[in-house]
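# A look at the structure
Given next are the chains, with one letter for each unit.
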Amino acid sequence: SGGVSRDPLPDPPPGGREVVSFDEALRFWWRLGWISFGGPAGQIAIMHRELVERFRWISERRFLHALNYCMVLPGPEAQQLATYIGWLMHGTRGGIAAGALFVLPSLFILVALSWVYVRFGAVPAVAAFLNGVKPAVVAIVLAAAWRIGSRTLRHPLLWAIAAAALLALAMASVPFPLVIGGAALAGIIGGKLAPDAFRGAGHAPGGAPPEASVIDDDSATPSHARFSARRLALVIAVFLGIWGGAIGLLAAAFGWQGDFTRMAWFFTKSALVTFGGAYAVLPYVLQGAVEENGWLTAAQMIDGLALGETTPGPLIMVVAFVGFLGGWTKEVLGGDALLAAAIAGACVATFFTFLPSFLFILAGGPLVEGTRGELRLTAPLTAITAAVVGVIVNLAGYFAWHVFWPESTVAAPFSGHFNAASVLIALAATAALVSGRAGVIAVIAACGVAGLGLWVAGYGAM
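Since this is a predicted model, take the numbers as computed values, not measurements. (Residues numbered from 1 in each chain as written. Predicted model: local features only at pLDDT ≥ 70, side-chain atom pairs only at ≥ 80, totals over all residues. Heavy atoms only, no water.)

Another point: the overall build of the chain. When its secondary structure is counted, the chain shows 16 helices and zero strands. Restricting the contact set of the chain to residue pairs at least 6 apart, pairs at least 24 apart contribute 76%. (Helix = DSSP H or I, 4+ residues; strand = E, 2+ residues; numbered from the N terminus. Contact = heavy atoms within 4.5 Å.)

Attention now moves to helix 15 (residues 420-435). Across its 16 residues, helix 15 extends 23 Å between first and last C-alpha, which sits within 8% of the 22 Å expected from 1.5 Å per residue. Considered for burial, the residues of helix 15 that qualify are Ser422, Val423, Ile425, Ala426, Ala429, Thr430, Ala432 and Leu433. One or two steps after helix 15, the chain reaches Gly436, where phi turns positive at roughly 80°. (Expected span 1.5 Å × (residues − 1). Buried < 20%, exposed > 50% of the residue type's maximum accessible area, 1.4 Å probe, protein only.)

Ranked by internal contacts, the top residues of the largest apolar core, which has 104 residues, are Val141, Phe267, Tyr279, Leu296, Met301 and Phe399. Broken down by element, the residue count for this core peaks at 17 residues, all from helix 14 (residues 378-404). (Core = buried A, V, L, I, M, F, W, Y, C linked by side-chain atoms within 4.5 Å.)

With that out of the way, let us pick up the packing of aromatic side chains. Working definition: an aromatic ring pair is given by the centre-to-centre distance plus the angle between the planes. Scanning all chains against the criterion turns up 20 aromatic pairs. Ring geometry for Tyr84 against Trp87: centres 5.4 Å apart, planes inclined by 75°, an arrangement best described as edge-to-face. Residue Tyr84 and its partner Trp87 are both found in helix 4 (residues 77-120); the two are separated by three residues, about one turn of the helix. We note that Tyr84, like Trp87, is buried. With a centroid separation of 5.1 Å and an interplanar angle of 80°, the aromatic rings of Phe351 and Phe352 are classed as edge-to-face. A relative accessible area of 36% places Phe351 in the partly exposed class. Here the guanidinium or amino end of Arg93 rests over the ring plane of Phe22, the centre of that ring lying 4.0 Å away. Over the aromatic face of Phe120 sits the side chain of Arg119, whose NZ or CZ is 6.0 Å from the ring centroid. (Phe/Tyr/Trp six-rings, centres within 6.5 Å; stacked < 30°, edge-to-face > 60°. Lys NZ or Arg CZ within 6 Å of the ring centre and 35° of its normal.)

Within the secondary structure, Ala346 is located in helix 13 (residues 338-369). Separated by 232 residues in sequence, Ala346 and Ser114 have C-alpha atoms that sit 9.6 Å apart. Leaving out residues up to four positions away in the same chain, Ala346 has contacts with Leu107, Val111, Ala320, Gly323 and Phe324.

In this section: the confidence of the model for the chain. The predicted model of the chain has a mean per-residue pLDDT of 84, with 88% of residues at 70 or higher. Within the chain, no element has a lower average pLDDT than helix 2 (residues 39-54), which sits at 78, and none a higher one than helix 8 (residues 229-254), at 96. Below pLDDT 50 for its whole length, residues 202-209 participates in 20 contacts with residues either more than four positions away or in separate chains. (pLDDT = per-residue confidence, 0-100.)

Further remarks concern the packing of helix 6 (residues 156-170) against helix 7 (residues 176-193). To describe two helices that pack against each other, one gives the angle between their axes and the distance between the axes. Where helix 6 meets helix 7, the axes come as close as 10 Å, and the angle between the chain directions of the two elements is 160°. Between helix 6 and helix 7, the crossing angle belongs to the class labelled roughly antiparallel. Crossing of helix 6 over helix 7 shows right-handed handedness. In this structure, helix 6 uses Ile161, Ala165, Ala168 and Leu169 to contact helix 7, whose residues at the interface are Phe176, Val179, Ala183 and Ala186. Here the contact of helix 6 with helix 7 is built from residues that sort into eight nonpolar, no polar and no charged. (Axes fitted to C-alpha atoms, helices over the stretch in contact; angles between N-to-C directions. Parallel < 35°, antiparallel > 145°, perpendicular 65-115°, else oblique. Left-handed = near helix turned anticlockwise from the far one by under 90°. Nonpolar A, V, L, I, M, F, W, Y, C, P; charged D, E, K, R; others polar.)

Below, the discussion takes up the environment of Thr382. Its location among the elements puts Thr382 in helix 14. The exposure class assigned to Thr382 is buried, which follows from its relative accessible area of 8%. C-alpha of Thr382 to C-alpha of Gly187: the two residues are 195 residues apart in sequence and 7.0 Å apart in space.

A surface patch of nonpolar side chains, amounting to about 370 Å² of accessible area, comprises Trp30, Trp34, Leu104 and Phe108. At the level of elements, helix 1 (22-35) and helix 4 are the ones that each hand at least two residues to the nonpolar patch. Note on placement: Trp34 falls in helix 1. Residue classification places Trp34 among the partly exposed residues on the basis of a relative accessible area of 34%. (Patch = residues over 30% accessible without salt bridge, like charges linked within 9 Å, V, L, I, M, F, W, Y side chains within 5 Å. Areas by Shrake-Rupley, 256 points an atom, 1.4 Å probe, with all protein chains shown as cover. Salt bridge = Lys/Arg side-chain N within 4 Å of Asp/Glu carboxyl O.)

What follows covers the pattern of salt bridges. Scanning all chains against the criterion turns up four salt bridges. Where Glu50 meets Arg54, a salt bridge forms, and the shortest distance between an N and an O atom there is 2.9 Å. Linking Glu50 with Arg54, this pair stays in helix 2, spanning four residues, or about one helical turn. In this structure, Glu369 engages Arg62 in a salt bridge whose closest nitrogen and oxygen atoms are separated by 3.1 Å.

At a minimum axis separation of 8 Å, helix 5 (residues 124-152) and helix 15 run at an interaxial angle of 40°. The pairing of helix 5 with helix 15 is recorded here as oblique in orientation. Handedness of the helix 5/helix 15 crossing: right-handed. Each of Gly132, Pro135, Ala136, Ala139, Ile140, Leu142, Ala143 and Trp146 in helix 5 lies in contact with helix 15, whose residues at this interface are Ser422, Ile425, Ala426, Ala429, Thr430, Leu433 and Val434. Tallied by class, residues from the contact of helix 5 with helix 15 come to twelve nonpolar, three polar and no charged.

Below, the structure is given as structure tokens:
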């Protein structure tokens, strides 16, 4: 989820293509899962470069049509876009393979990093490095707000929606789903009263490919991508069966109040309100995972976000870290099986977070393919994105409070020492990210080294 990878994928074969074999696509999706750094923008840019410009598996227009749909959905749009293109090429098995392989490498890496974190995070030198990373996370979130806001807030009405979302969360503690729902309603109304204010900015990553694509603008819709009410009902029934069966097994094994069962229910809900990317839903995850269930602390959540930023795949994969810490902290399988419980927690969190994304694509894809050229949801999407700017600024404030006043509490919000060194690191990191002079991974590494340097110099309280 850091800077865009430059790792090369295999060169496409010369000449035109009529079909792409499933094995060939499978190899591509597997490699993509290991190099999909850069957050949603970077991941979408990689897919556009490889699938549209280089391999020519799908045309520019078809790619953007799929992307517009994924931008409307809750959940990680880059992973859903991979699922959509995989489904369009090879049906259900293609969509499942593309979506799963987009996530699995990140899960493997995060489980390994999470184990290192819980085993060695208390070592003074490691703790000092992580203390330097914490202000970098504040900077990363602020830079995300700047990046989204500079692209989205092009009208006073959109600024007003962003400010309203910030105040609703920071001052009135309005639940996150209500903020998103209110923004969508404002977009629907505003789209009719002031349509120019709510026109989407567009998402074209580059120019049109020079040659025909396997799935071209005028290619016939594949049979599996044509709408069928019977197929839609079957997909929904299968999804509900998988979801209900999985959560039922957890309830039978651990009880309805068991931590794994509560994780399954909680991350299903979080998946349905993840509008606007991972940064937007993190306040909801914070509230549920930290304050309500005690699976980890706010400081650990900040560390987890930093780990998530350094791995490929969607940033929402931070839920794997949350599940890992929850299984470990709560000793769900007993004190002698901490690692097994932690790995199981990471898998539960990941499974229930991403399962709805497959439903949205496999059930909604045929409807979307039948409506190419229609963008009726642009106005509510634009309003939601504007609200997300306010949500992310609120998240940055929450993180900054915990990092700059590490001893503060809700009862005494600014008690304890003020960490001026963290403020300076955060300001430098924010400037580097906003200016584009450094990528996320480089900033995290530099801030960690700064924290280590302060510890060596005797500033152990940082």
